[in-house]
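Survey of secondary and tertiary structure
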Amino acid sequence: MSSSPMLDNYRFPVVHEGSPSRGLLAGLLHRYKAPPSVVQDIARLEAKLPQYQEWADDAERHPPQLVQYDHWCRRVDRLVLAHGWQELKKEVAREGLIHLGYHTPSKTTGRLHQFTKLYMASPYFAMVTCPVAMTDGAASLCRAHGLDEEFDKLTSTDPEDFWLSGQWMTERPGGSDVGNTETVAEPTDRDGEWRVNGFKWFSSATDADISFLLARSRIDGKLTPGSRGLSLYLARVRKEDGSLNGIAMHRLKDKFGTKSLPTAELLLSDVPARLIGEPHKGVKNISPILNITRLHAAMGVSSYVHLCLNLAKSYASQRVAFGKLLKDHVLHADTLARVETTHRGCTLLVFHLVNLLGKGEDGDAQAQKLYRFLTPLAKMYVCKTGIQDILECMEAMGGQGYMEETRMGKLLRDGLANCIWEGATNVMALDLLRVMDPVFFRDAITTILDSARGDSALTESVATVERVLAQFATTLQAIQPTSMEGHARTIGFTMSELYIAALAIEHAVL
Ligand code: MFK
Ligand code: FAD
């Protein structure tokens, strides 16, 4: 078919156009005082993105396969993963995507470095970002519990030495409510060793080397019901010879998205495992993983929106409709501006949390408390609004946005998982109620707004946030404690918007 003369000047947006190393992200690196070496390293990574995209496309075209039997009909449960997947996994080690969060003298700088690189790479990284998130959470647990050998592996920069960690919580009777866990751990005669039997319904890092898991502990012959009967265990997924360690891969999941990710159902039969931390404190003991992966989930969606918005803006600056470029149609420009506004706000919140995570790890107790408070907000708000934003960007590219070649559909499908895994939206809203402290929240916002009080251009904005904050406090007081649960989602969304408004004002000053 001949090309249309009208299209001769069109350029399909290249994948890395409008890279995050410029604009908003550059402002954030400045805001959080990234040293020049970090900025240079991030700029260097940008050149690798087209290669990452090729590997990610390969992983998408060749989804994981499970070979359950060899030619003698022996059960082998061998995962076949794409070349692109394997290469991206090696990049996790080479680029220090876990390492940077742990082996930098200032954790505040290390976390900024790590998450900025992840933000850039995520849309081009297949779903390797999923095991990365769990491995990051697992590394923090290993550090806390003195599991030195595992810690060194999970944070290694050598692809041959590097390990991934899984996280096995969800079972058939309940994923949000892990108190329904059926898996049982029994002590053995060997000191510190337990045997685990059960069925884990979702395991996404199925190519992992180790996994943290929850199981009901049989202690003095007794099982305690509910979540208070669960303990945290660490298992080696494979034996020294590479064969599975009491694990059978029941089947791979047939998912709506995250097609490159090997999510499996696992049957555990006498899996050797170590008890980590006190028994019967499993949920509490595994929660440091949750509190890290939830930030990864928010960051991931925000990075997807970033790419989609760049594509939509590029399209609008080239596509002519009704006699002028789409970007010059006021309604289209307004549509994209709305996406840009929510997206910028969400990115500010994500990097605020990255900063708090690092500061908390550097020993700042106030930062630790604020991080715990804001994580469920970021997970629920950024993931949910981000999905709406991706949809809007897709529509802004018309029929072409719906085509697989733009990869927006893939990002939408993959991004959606972030609303569900690591705690769905309502579960995040209920988690917020666990740590709810209106005075602490008000004080945190007031501290942020203080940075803008000397700026006359921002006086009205500061006053608006304070007015809405006061109204919110009054509304909150009027809610009966018994009906708080029913309002948890609305409360969470309102608090997110208030906090983001304050961050946007602060960002305008800096
Ligand atoms: C870019 C990609 C990134 C992500 C990739 C991820 C791939 C997918 C991996 C998964 O999805 S793994 C499975 C994730 N599963 C979840 O996130 C479960 C969601 N459900 C919840 O979070 C429930 O709220 C919860 C399981 C925690 C309910 O458990 P309980 O035991 O019924 O709750 P309870 O009794 O309130 O809490 C027990 C203790 O844990 C309490 O402490 P105390 O013992 O001192 O009283 C809580 O305060 C504490 N706790 C609960 N959540 C916490 C926490 N502590 C700190 N942080 C938290 N988030
Ligand atoms: P349910 O618990 O049945 O929840 C269903 C809905 O009910 C949710 O929307 C939830 O918000 C809502 N709900 C639940 N309780 C309440 C309440 N009290 N009040 C109001 N609403 C409520 N899990 C792992 O352990 N390891 C993995 O590696 C892993 N990988 C995954 C990969 C993918 C692609 C997906 C989609 C999931 C994965 N999961 C994994 C499972 C995931 O963590 C769970 O699906 C999730 O936690 C929700 O649990 P559930 O599916 O049992 O849903």
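Since this is a predicted model, take the numbers as computed values, not measurements. (Residues numbered from 1 in each chain as written. Chains lettered and ligands numbered in written order. Predicted model: local features only at pLDDT ≥ 70, side-chain atom pairs only at ≥ 80, totals over all residues. Heavy atoms only, no water.)

Remarks on the nonpolar core
Keep this limit in mind: Among buried residues, the Ala, Val, Leu, Ile, Met, Phe, Trp, Tyr and Cys ones that are joined through side-chain atoms within 4.5 Å form a nonpolar core. Think of it in three bands: with a 1.4 Å probe and only protein chains considered, a residue is buried below 20% of the maximum accessible area for its type, exposed above 50%, and partly exposed in between. Only DSSP runs of H or I reaching four residues or more are called helices, and only runs of E reaching two or more are called strands; each is numbered from the N terminus. The contact definition used throughout considers only heavy atoms, calling two residues in contact when any of these lie within 4.5 Å.
Formed by 156 residues in total, the largest nonpolar core has its most connected members in Y52, W85, F212, F351, F441, I445 and Y499. The leading source of residues in this core is helix α8 (residues 282-316), at 18 residues. In this view, F351 contacts L25, L28, Y32, L112, F115, T116 and Y119; residues no more than four positions away in its chain are not counted.

Some details on the site of ligand 1
Applied cut-off: Proximity is defined per residue: if any heavy atom of the residue lies within 4 Å of a molecule or strand, that residue is considered near it. As used in this structure description, the phrase polar contact means that two N or O atoms lie within 3.5 Å; if the pair is within protein, one of them must be able to donate a hydrogen and the other to accept it, and residues adjacent in sequence are counted only when both atoms belong to side chains. Per-residue and other accessible areas follow the Shrake-Rupley method at a 1.4 Å probe size, with only the shown protein chains counted as cover for residues. Residue classes follow a fixed rule: Ala, Val, Leu, Ile, Met, Phe, Trp, Tyr, Cys and Pro count as nonpolar, while Asp, Glu, Lys and Arg count as charged, and any other residue, Gly among them, counts as polar.
Around ligand 1 sit 27 residues in total, of which S176, S227, R228, N291 and R434 are the nearest. Between ligand 1 and R294, the relevant distance is 3.0 Å, taken from an oxygen atom to a side-chain nitrogen or oxygen of the residue. Contact with the protein chains hides 81% of the accessible area of ligand 1, taken as 1200 Å² for the molecule alone. Elements supplying a minimum of two residues to the shell around ligand 1: α6 (129-144), α8 and α13 (425-435). Per-class residue counts for the shell around ligand 1 are 10 nonpolar, 10 polar and 7 charged.

Things to note about the packing of aromatic side chains
Stated precisely, the cut-off is as follows: Ring pairs shown here join Phe, Tyr and Trp side chains whose ring centres sit within 6.5 Å, with only the six-membered ring taken for Trp; geometry is labelled stacked below 30 degrees between planes, edge-to-face above 60, and tilted in between. We call a charge positioned above a ring when the Lys NZ or Arg CZ atom is no farther than 6 Å from the ring centre and deviates by at most 35 degrees from the ring normal.
All chains considered together, the criterion is met by 11 aromatic pairs. For the pair F441 and F472, a centre-to-centre distance of 6.2 Å together with 70° between the ring planes defines the contact as edge-to-face. Here F441 is found in helix α14 (residues 438-450), whereas its partner F472 is found in helix α15 (residues 459-478), with 31 residues between them in sequence. Relative accessible area serves as the criterion here: at 2%, F441 is assigned to the buried category. The class of F472 is buried, set by a relative accessible area of 10%. Pairwise contacts between aromatic rings join F373, F440, F441, F472 and Y499 into one cluster. For the cation-ring pair, R172 lies above F199, with the distance from its terminal atom to the ring centre recorded as 4.0 Å. Sitting above the plane of the F202 ring, K253 keeps its charged end 4.1 Å from the centroid.

Looking at the pairing of strand β1 (residues 65-69)
Cut-off, in case you're wondering: At least two bridges found by DSSP between two strands is the condition for calling them paired.
Where β1 and strand β2 (residues 75-80) come together, 4 bridges link them in antiparallel fashion. Paired with Y69 across the two strands is R75, which belongs to β2. Between the antiparallel neighbours β1 and β2 lie 5 residues, among them C73 with a positive phi of about 65°.

Remarks on the site of ligand 2
Inspection of the region around ligand 2 gives 19 residues, with Q167, T170, G175, S176 and S204 positioned closest. In this structure, an oxygen atom belonging to ligand 2 sits 2.8 Å away from a main-chain N or O atom of M169. The side chain of N426 places a nitrogen or oxygen atom 3.2 Å from a nitrogen atom of ligand 2. In isolation ligand 2 has 970 Å² of accessible area, and contact with the protein removes 66% of it. If you list the elements that add at least two residues to the shell around ligand 2, you get β3 (165-168), β5 (193-203) and α13. The element that contributes the greatest number of residues to the shell around ligand 2 is α13, accounting for 3 residues. In the shell around ligand 2, the residues fall into 8 nonpolar, 9 polar and 2 charged.

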